[in-house]
Structure formats: C-alpha cells, structure tokens
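# Structural overview
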Amino acid sequence: MVKIKTQMSHLILPLSVLLILIVINLIKGADYFSIKIINGALYGNIPNILFGATELVIISIGMTLVTAASRGQDISVGVSGAITSAIFVQVVLNAGQITWFTILGGFIISCVVGIAIGAFNGSLVAIFKVQPMVATLILFTAGRSIAFIIDGKLSPVLANDLVSQIGGVIPGVPIQTPIILTAIFIACVAVGLKVTNLRLYTEAVGINEQTARLNGINPRKIKFLNYMICGICTAVAGFIAVSKAGRHDSVNILKFIEMDAILAVAIGGNALSGGTFSITGSIIGAYTIEVLNRTLLRLEFGTETLKAFKAIFIIILMVMASPVVREYISKNLKRKRLDVENNFMEKNGA
Amino acid sequence: MQSEIILEMRGICKSFPGVRALHNVDFILRKGEIHALMGENGAGKSTLVKIMTGVYEKDAGSITIEGKPVHFRSPQEAQENGIGTVYQEITLCPNLTVAENLFIGRGRYTFVRWKEMNKKAEEILKSLGIPARPTQELSNCSLAIQQMIAIARAIDMECKILILDEPTSSLDEEEVLKLFKLMRELKSRGVGIVFITHFLDQVYEISDRITVLRNGILIGEYEASSLSRFELVSKMMGKALDDVEKMEKPPVTIREDEVPVFEATGLTSVAGIKPFDFKIWKGEVNGFIGLLGSGRSESVRAIYAADTVVSGEIKVNGKKVKIKEPIHAMKLGIGYLPEDRKGEGILADISVRDNIILSLQVLKGFFKPFSRKEAESYANEFIKKLSIKTPSTNTAIKFLSGGNQQKVILARWLLTHPQYLILDEPTRGIDVGTKVEIQKLVLKLAEEGVSVTFISSEIEEMLRTCSRLLVMKDRQIVGELSGRNIRQTDVMHVIAGGKT
C-alpha cells in the first residue's frame, strides 16, 4: 500500500485533472463516451483524443528524458519534427512510386536526421555546456526555414492511399493507425527502459553530475544519448503528423508543440530542473492537454478565445501542483495519520 | 545559580515520511550558557535545531522565547526573534562576495550601499580575526573560512540565541580555539548558545549543560561538570561503549619484496599538489595526515582521477595502467568515498536501493540492468550488514540521517568488492557509534585483504586504524610514519619539523 502510494503519488494530480475534465464533459453531454463505428473503424470522443494527442505524447517522452538528464528543455522539438518530416516527404516523392518499402526507407532516413539533430543539440549542451534552452533556440529559430528549403516549394502534397492509411485507418483494423503507432512507440520506450540502465544513469546525471562521474558514469554521453533519443521522438512525431495531414506544411506542422510538451512534462509531476522522472506522468499529462483543448472546444469557446481559457486552467493546475500547495496538503494528511498513530499507541499503551 | 530561561521547548514532535524524528522532546536554554545538544546520528539533533530556527514546522509542542509563545513559519521569523544559526553544511552563496554574504537579505534599503557595506564587513572580519577580504568571492575561501563567515553573519544579527550545528567539523585546532574564544565572548554578553558537535573534547571544554537525545527521544539534561564522558557516551548509544582500544591494528605492511596493490610515481592533478609517490600493499591500512588544506584530499582524488590527472605513472598489482577517469579506477577494483558526502556522494532524490547498487551497476554495464529482485536483495543484504536505519529500500536517501547516508555510500563500494578502497573523511559529521563501526569495518576489510587509505580530521581515529601515515604539509608529503604505536606527538613533530 505504502509502496504504491510513493510510486503513484506524482500521478494523482494529472489523473484527477483528467477526471475533472471528463466530469465536465459528461455534464455537457452524457454521450461523451459513446463510440460509433464508421467504415469499420471506431470513432467518438475517446478515439479522437487518442488520435489527436499522438504527436504530443511521443514528443513529451523525448522532452521528459532531455529534461531529466540536462536540467533544461529542448524547445526545438517542433521544428525538428518539421525538418525530419520534410526529409521523409522528399525521400518518398523522389523514390518515384510510393510503396511500403519507400515509406519505411523514408521513415528510417528521417529518424537518422532526427538523431543528427539530437546530436547537434546534445553536443552543444553536453560538450559546450550551453544552457539547453539557448542551445535549442538556434534550431528553433532556423528550423522552419530549413524545412522550407528542403520542401523546395510550398507544401508538397503526399496524396497516396498508403500514406492516408498511416495517417488514418488501415482497412480491416478498427483502430486508427496513429493510435496504434503511439502504443507501439510507448511499448518500445518501456522495453528500452527495462533492458537498459537509461533511467538510473539519466537520473544520476540529472541529480548530480559529479556524483555520477565519480561512480563511473559519463555525464556527457548520457546527455548526448538522451538528446538523440529525443531526436528520434521528433522524427516519429513528424512522420505521423505529415501522414495525418497528407502534405507537408513547413510553417504549421507541429507548431507550438514544444510548449505543450514542456507543459505535459510539468503536469506529469516531473521537475523541470531535472533528476528523477516519470514518463507515465508525462504521457498522462499530454493526454490531459489534448482533453483540455477538446473540452474547451466542446464548451463552445471560440477558437480565438480558447487560448486564454486554456491559460486560466493551466494556472489553476500549476498552482495546485506547486510545492507550496503539495506540502500543505501532505502536512495535513500527515497530521491526521500521526493522530491515528498516537491514538493507536495510547490504546495499546506501553 | 538558576539563571533566566530564554528558550523553552516542550513536547516537540516531528515526523518525516516513515520516520519519527522527534517524540515529546523538551529543551531549555538559559541566558548566557553554552548548551551542548548530544546524540548519535538520527537521534534528532538536527531536526530539533531546524524546528528552533523555523526550517521545519513542528507537528506538536510549544516553543516560548523569554516567556512569550512563538510559532516560526520560516527561518526569517526565527531570525527576527533573535535566533542566529550556523549549519553543519555551509548555507552561504558561493558566487557572492564575502561582504554580500554577510549582509544579504538584511538590508532595509532598496539600494545597496556598496562602499559602506564593504567597510562594515571589513570591520567585522577584522574584529573576529577572519583572514578574508570583503570583496573576495566566497567560493575562493577555504571551507574553514567560509564556516567562520557563516558564524560572523549569524552573530552580527544581534542574536539572543546562537545555534551552532557542527561548526567545528571542518576547522583545524587553531580555528576551533578562535571560535571558542568567540563563543565565550558571546556567552558573557548573555547570548544562549546551542552547540552541536561530535567531538567530545570540545563539548567538555566549553559547554555548561548537556542535553542528550536518542532515537528522537529526550534522555535527559545534565550539568557538564557532573556527567562523565563514559556516562555521556553510554547515554547517547544506549549501551556501554565498545572498547575501541581493543581493536587490533593490522601489522605493519611495508613489504619491499612484495608487489604493491597500487603504486604511483610522480602523480599530480590540476588541484595543485606537488607530484608524489605512493604505494599500498595488500591488506594495508594507510592514511594521509596533515592539517586542513595540506592536500590530503587532493592526493587521494588524484589517485582516483576525481580531479583531472596531469602527470604520473600508475601500476596496479605491478602492471602499468592508465587512470584518466574514475571509471578506469573502478574497473581496476578501486573504490572512493568522497569527502563531500552531499555534493559528491549521495544521489539525494533516488532510493537507498539505487544508491547502493549504483557503482556495481555501472561496472556491470549499461545494457545489463539488475532485476528489481537482485537489486532488492543486494540492498537488503547491506542494510542488514551495516545496520543502516531506513524505513525501506525505496526511501529517497535524502530522508536518512548523515551517518546512515554515509553507510549507504560505504555499502555502494563494498558491494563492488574492491581490492583498494579510499575513504576520505568517512567519519565526518557522524555520531560516535557509527564512527567506531566504520573504523572497525576498515580493520575488518584489511584483515580480509582489502587495502584501505583512510583519511580523517580526527588524528585519534587515524592513529587507531592506520599502520602507516603519510604526513602532508603545504600540498606535499613531508614524512612517513609507520609502526603499531605511532603517537600524536610524532605526527606533530613531522608537521612542525618537516623531516622524519
């Protein structure tokens, strides 16, 4: 019981927020959970949320790792995804015909580019010790122009059955492909954490670099590695985003996702100053943001005013999650527990 | 001679996740007395002090100052009520100047008057005999001087109550005397001083009263003059003190005919020590001894490559090797417990379990993580072996007391089965009981064939455990003493004379 509590305590906040949002949605309309089958695939609010949040979930995972290892955030994740997806589109279009093989080839090449971008950011952070946000600001500034140059013309179109199957539904499979891809990606990350010491090394470096070094860990390598993993995350997110859209719009693809990803990490109970981390928390955080966006739309806030209301909600959320409030709550809880203990001790008297 | 009570704490209770730190503790401080607060690690001394100073809020109990009930919600409030504190770990800002550190957070003005501030700082430093310039950056000062500046800061705040939590742990003898002079001066002005230390000599030298805590419970308050050392120690430990003198030192182990486990020639690092030669044989316990700043720590750091090595040749078991990074030393079976536990030893936020397995896990490799079960069993094994007090293996190490944290780091290295273990101040800032345990452990390891380099600020401890001492002065080795019966005067003689 106690064990579960210590492990899950950081998830209480995002989960309760998610719950509140769902309750709001249910009040608005009782059919919130209803799922319809259209053309052999599931549609409804839940699938829509899972579908809509794919890129954010994947990028949040990368952001979590980068934050934990380097005690700072990578703000170039959105543009990194824009570049990798531009490469993907070019590879596929230049291959002549679009087959599963060329798509896979394009995807792998875009992942390599993602790793290269991660290595670039990682070397600035790990070797030259530039502050992560400043280091990634370089690409953040230049990235969309680079993507535009790669595109060569405005928004190359990737109209093809196979691509729309990746961004939509594969006939005969009832769940939208991006949802499946997200699940596969999360599973890969989970396995990766299981079969390596990535968590221990990353947390060690994030908590205290000097201690990590004295115990044989190379902090540079670990930071570098996490930036490269983050690069892969952006490539996967870019691949899904461009498949969903069917064209590459270098200006709008994955726009502002870096800020949402940082927010997801924070909502997930992770310290933005690095150290211990919870990927589960960040994933729930990412879904929470998606639910929030959709709830606000559903409550018929205009798209212009939506952002303001979103901000209000986030302020409340962040205050609730702040150390001050947390400490207050835990203190009250503890006082209660202590009373119980004392009563117990008195009853059983020495 | 019942003098006036200035601080009265009654029925103080405080708990942390899974640990009851204090239970129904009373503490009374009178005007113009020096009151030693004694207890082993985890007895609750630091917690009690942190409640006095508003760092922690008490769960239950009452505090009155000069008869007036108070309730501190922050250290600022405590300061405003005349409580000045100097903590065991220095809590100043290393990147600010000495003067800024003395006055930070105390100006009632919007703008800082630099000239005036520096002038005032100079006066304070001079009056206390602290050899530092006001405009010097604090990080350029030695630990001891930083500690004295922390004290200067606290006593300059017009305090009625001064709390010194292990102020002497990084000071050398002369500096301690200076501090004591200062304490007596403050005492005569009517300041009540709470003094926490692990040095029994210091307690008896300066304190009027002694309050003993054990496991978060008050054992009693005594007049210092009427409590014998032996009684004090047994009250702190709850059992009669093991006879430390019974411990058997390993035989003298310079064996020129045998290949040393570790051998360095002309070793030096960026930390600025003179190149030195060093050898240690199997099952030997040796140590670097010298005053603070003599280069003891820097020498062992060079051996482990904790500081970047500039030059030197190293042989392990007679084979020439290169140690450029700590990981190379680890792979050769060398372990290193750093002096700065908080800054280089523990990983504060992660569990006791992960802190224990860390080094072995790194040696095993990135792609070969221990299963949860293996890690658990390693952790439990050493928690039992070293009797580490922790609610569970899952507890973050930061919730443990200093001595228990130190044991966790020892466990970390013991788990790797090193052939050569370097322990830099393993007994610093921990209680008598654990100190004895650690010294015994060192001797036991030596018996099992592990070579140990042991460093301690307490010469007594080194004389008790080391069979060979390398005496350091001004960042170089000036002499070597060996034999079963090295006396303290011998060491002093070498330090003073510079030759064996």
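All figures in this text were calculated on a predicted structure; none of them were measured in a lab. (Residues numbered from 1 in each chain as written. Chains lettered and ligands numbered in written order. Predicted model: local features only at pLDDT ≥ 70, side-chain atom pairs only at ≥ 80, totals over all residues.)

### Looking at the overall build of chain A
The helix and strand tally for chain A stands at 16 helices and 2 strands. A compact globule built from 350 residues would reach a C-alpha radius of gyration of about 20 Å, and chain A, at 22 Å, matches this within 12%. The C-alpha extent of chain A, read off along each of the three principal axes, is 85 × 55 × 40 Å. The burial tally for chain A puts 45% of its 350 residues in the buried class. (Helix = DSSP H or I, 4+ residues; strand = E, 2+ residues; numbered from the N terminus. Rg over C-alpha atoms; globule rule 2.2 N^0.38 Å. Buried ≥ 20, exposed ≤ 12 C-beta atoms within 10 Å, placed from the backbone.)

### So, the overall build of chain B
Counting its regular elements, chain B contains 17 helices and 20 strands. Over its C-alpha atoms chain B spans a radius of gyration of 24 Å, differing by no more than 12% from the 23 Å that the globule rule assigns to 500 residues. Seen through its C-alpha atoms, chain B measures out along the principal axes to roughly 70 × 50 × 50 Å. Relative to its 500 residues, chain B shows a buried fraction of 48%.

### Things to note about the pairing of strand 9 (residues 209-214) of chain B
All names here are of chain B. Here strand 3 (residues 34-38) runs beside strand 9; their pairing, made up of 4 bridges, is parallel. Residue pairing across strands places His-35 opposite Arg-209, the latter belonging to strand 9. Bridge count for strand 9 against strand 10 (residues 217-223) is 6 bridges, and the pairing is antiparallel. Within strand 10, the residue paired with Arg-209 across the bridge is Glu-223. Linking strand 9 to strand 10, which pair antiparallel, is a turn of 2 residues; within it Asn-215 sits at a positive phi near 50°. (Pairing = 2+ DSSP bridges.)

### Details of the domain arrangement of chain A
Residues and elements named next belong to chain A. According to the domain assignment, chain A contains domain 1 (2-300) and domain 2 (309-350). Spacing between the C-alpha centres of domain 1 and domain 2 amounts to 33 Å. Taken together, the contacts link 7 residues of domain 1 with 7 residues of domain 2. Mapped onto the side of domain 1 that touches domain 2, the elements with two or more residues apiece are helix 2 (12-28), helix 13 (257-267) and helix 14 (279-298). Sorting elements by how many residues they give to the side of domain 1 that touches domain 2 places helix 14 first, with 3 residues. Within the side of domain 1 that touches domain 2, the residues separate by chemical class into 6 nonpolar, 1 polar and no charged. (Domains from an automatic or database assignment. Contact = placed C-beta atoms within 7 Å. Nonpolar A, V, L, I, M, F, W, Y, C, P; charged D, E, K, R; others polar.)

### Re the interface of chain A and chain B
Between chain A and chain B, the residue contacts involve 23 residues of the former and 26 residues of the latter. Among the elements of the structure, helix 1 (2-8), helix 10 (198-207), helix 11 (209-214) and helix 16 (323-348) of chain A are those that each provide at least two residues to the side of chain A that touches chain B. The greatest single-element share of the side of chain A that touches chain B, amounting to 5 residues, is contributed by helix 10 of chain A.

### Quick notes on helix 12 (residues 352-364) of chain B
Compared with the 18 Å implied by 1.5 Å per residue over 13 residues, the 19 Å span of helix 12 of chain B between its first and last C-alpha is a close match. At Leu358(B), helix 12 of chain B shows its largest kink, close to 50°. Helix 12 of chain B sits mainly inside the fold: 11 of its 13 residues count as buried. For helix 12 of chain B, the full list of buried residues reads Val352(B), Arg353(B), Asp354(B), Asn355(B), Ile356(B), Ile357(B), Leu358(B), Ser359(B), Leu360(B), Gln361(B) and Val362(B). The secondary structure elements touched by the buried residues of helix 12 of chain B are helix 10 of chain A together with helix 10 (326-331), helix 13 (372-385) and helix 14 (402-414) of chain B. Where helix 12 of chain B ends, the next residue or the one after it, Gly365(B), has phi of about 125°, a positive value. (Expected span 1.5 Å × (residues − 1). Bend = angle between axes of the 7 residues up to and from the residue.)

### Regarding the sheet that holds strand 4 (residues 60-65) of chain B
Hydrogen bonding along the main chain pairs the strands of a sheet, whether they run parallel or antiparallel. Residues and elements named next belong to chain B. Spatial ordering of the open sheet is given by 2-1-4-5, a layout of 4 strands whose pairing is antiparallel. Edge strands, defined here as strands with exactly one partner in the open sheet, are strand 2 (19-30) and strand 5 (68-70). Averaged over neighbouring strand pairs, the angle between their axes works out to 25° when direction is ignored. Inspection of the sheet shows strand 1 (residues 5-16) paired to strand 2 by 8 bridges, in the antiparallel sense. Within strand 2, the position partnered with Leu-7 by the bridge is Leu-29. The sheet contacts of helix 1 (residues 45-52) involve strand 1 and strand 2, and relative to strand 2 the element is tilted by about 65°. (Axes fitted to C-alpha atoms, helices over the stretch in contact; angles between N-to-C directions.)

### Here we look at unusual backbone geometry
One non-glycine residue, Leu254(A), lies in the positive phi region at around 55°. Structurally, the position occupied by Leu254(A) is in the loop between helix 12 (219-245) and helix 13. Given 27 C-beta atoms within a 10 Å radius, Leu254(A) is considered buried. A positive phi angle, close to 50°, is found at Asp474(B), a residue other than glycine. With respect to the secondary-structure elements, Asp474(B) resides in the loop between strand 19 (468-473) and strand 20 (476-482).

### Description of the confidence of the model for chain B
Do not read the predicted coordinates in detail wherever pLDDT is low. When pLDDT is averaged along chain B, the result is 85; 91% of the residues meet or exceed 70. At the level of chain-chain contacts, confidence expressed as ipTM amounts to 0.86, with global pTM at 0.77. (pLDDT = per-residue confidence, 0-100.)

### Focus on the domain arrangement of chain B
Note on interface size: it is often stated as the accessible area lost on association of the parts. Each assigned domain of chain B is listed here: domain 1 (5-240) and domain 2 (245-497). Relative to domain 2 of chain B, the C-alpha centre of domain 1 of chain B lies at a distance of 30 Å.

### Some remarks on the packing of helix 6 (residues 100-126) of chain A against helix 12 of chain A
Close contact between helix 6 of chain A and helix 12 of chain A brings their axes to 7 Å; oriented N to C, the two are set at 145°. Viewed along their axes, helix 6 of chain A and helix 12 of chain A form a crossing whose handedness is right-handed. (Left-handed = near helix turned anticlockwise from the far one by under 90°.)

### Thoughts on the sheet that holds strand 8 (residues 192-196) of chain B
Residues and elements named next belong to chain B. The 6 strands lie next to each other as 6-7-8-3-9-10, forming an open sheet whose pairing is mixed. In this open sheet, the two edge strands, each paired with only one partner strand, are strand 6 (83-86) and strand 10. The sheet shows a mean angle of 15° between the axes of neighbouring strands, taken without regard to direction. Sitting on the sheet, helix 1 touches strand 3, strand 6, strand 7 (161-165), strand 8 and strand 9, and the angle it makes with strand 7 is about 150°. Packing of helix 6 (residues 173-188) onto the sheet brings it into contact with strand 3, strand 7 and strand 8, and relative to strand 8 it is tilted by some 150°.

### Describing the packing of helix 5 (residues 77-94) of chain A against helix 7 (residues 132-151) of chain A
Residue and element names in this part refer to chain A. At their nearest, the axes of helix 5 and helix 7 sit 8 Å apart, and the two run at 15° to each other. The angle between helix 5 and helix 7 places the two elements in the roughly parallel class. Relative to helix 7, helix 5 is oriented so that their crossing is left-handed. Contacts between helix 5 and helix 7 involve Val-79, Ser-80, Ala-82, Ile-83, Ala-86, Ile-87 and Gln-90 on the former and, on the latter, Leu-139, Phe-140, Gly-143, Arg-144, Ile-146, Ala-147, Ile-150 and Asp-151. A class-by-class count of the residues in the contact of helix 5 with helix 7 yields 10 nonpolar, 3 polar and 2 charged. (Parallel < 35°, antiparallel > 145°, perpendicular 65-115°, else oblique.)

### Concerning the environment of Leu463(B)
Residue and element names in this part refer to chain B. Within the fold, Leu-463 resides in helix 16 (residues 459-465). A count of 20 C-beta atoms within 10 Å places Leu-463 in the buried class. Expressed as a C-alpha distance, the spacing of Leu-463 and Ile-356, which sit 107 residues apart in the sequence, is 29 Å.

### A closer look at the confidence of the model for chain A
All names here are of chain A. Model confidence for chain A is summarised by a mean pLDDT of 88, while 93% of its residues fall at 70 or above. No element of chain A has a lower mean pLDDT than helix 1, which averages 47, and none a higher one than helix 4 (residues 54-70), which averages 97. Here residues 1-6 is modelled with pLDDT under 50, and outside its nearest four sequence neighbours on either side it reaches 2 contacts, counting other chains as well.

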